[in-house]
Amino acid sequence: MPIIEQDQSFELSRDINPEITKGMMGVILKIVEPDKSFEVEFPREDGSNYGDKTFTISIDDILVESLM
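All figures in this text were calculated on a predicted structure; none of them were measured in a lab. (Residues numbered from 1 in each chain as written. Predicted model: local features only at pLDDT ≥ 70, side-chain atom pairs only at ≥ 80, totals over all residues. Heavy atoms only, no water.)

What follows covers the side chain of E41. Following the sequence through the fold, E41 ends up in strand β3 (residues 37-41). Here E41 occupies a buried position and makes no salt bridge, while the nearest side chain of opposite charge, R44, is found at 11 Å. Among the polar contacts made by the side chain of E41, one reaches the side chain of N49 at a distance of 2.9 Å. (Helix = DSSP H or I, 4+ residues; strand = E, 2+ residues; numbered from the N terminus. Buried < 20%, exposed > 50% of the residue type's maximum accessible area, 1.4 Å probe, protein only. Lys, Arg positive; Asp, Glu negative; His and termini not counted. Salt bridge = Lys/Arg side-chain N within 4 Å of Asp/Glu carboxyl O. Polar contact = N/O pair within 3.5 Å; in protein donor to acceptor, adjacent residues only side chain to side chain.)

And the structure:
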């Protein structure tokens, strides 16, 4: 498994809600628990974030292949 680091981009492996969906690219803001949970955001092209907030997701929500 690749090492997941702060500020790293990743691809979402599942839908979180109707606006945050599988395949979207996100950014790791904080490692909550190494190799288990992460605080992330999903930036738009204009610099704002989808959902105007951050999300805590698990390693299962990250498409690991996108980190390599």
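Below, the discussion takes up the packing of aromatic side chains. The full count for this structure, using the stated rule, is two aromatic pairs. Note on F10 and F42: the rings are 5.8 Å apart at their centroids and 70° apart in plane angle, and the pair reads as edge-to-face. Here F10 is found in strand β1 (residues 9-12), whereas its partner F42 is found in the loop between β3 and β4 (55-58), with 32 residues between them in sequence. In terms of burial, F10 and F42 fall into one category: buried. Members of the aromatic cluster, each reached through a chain of ring pairs, are F10, F42 and F55. The ring of Y50 has R44 sitting right over it, with the charged end atom 4.5 Å from the ring centre. (Phe/Tyr/Trp six-rings, centres within 6.5 Å; stacked < 30°, edge-to-face > 60°. Lys NZ or Arg CZ within 6 Å of the ring centre and 35° of its normal.)

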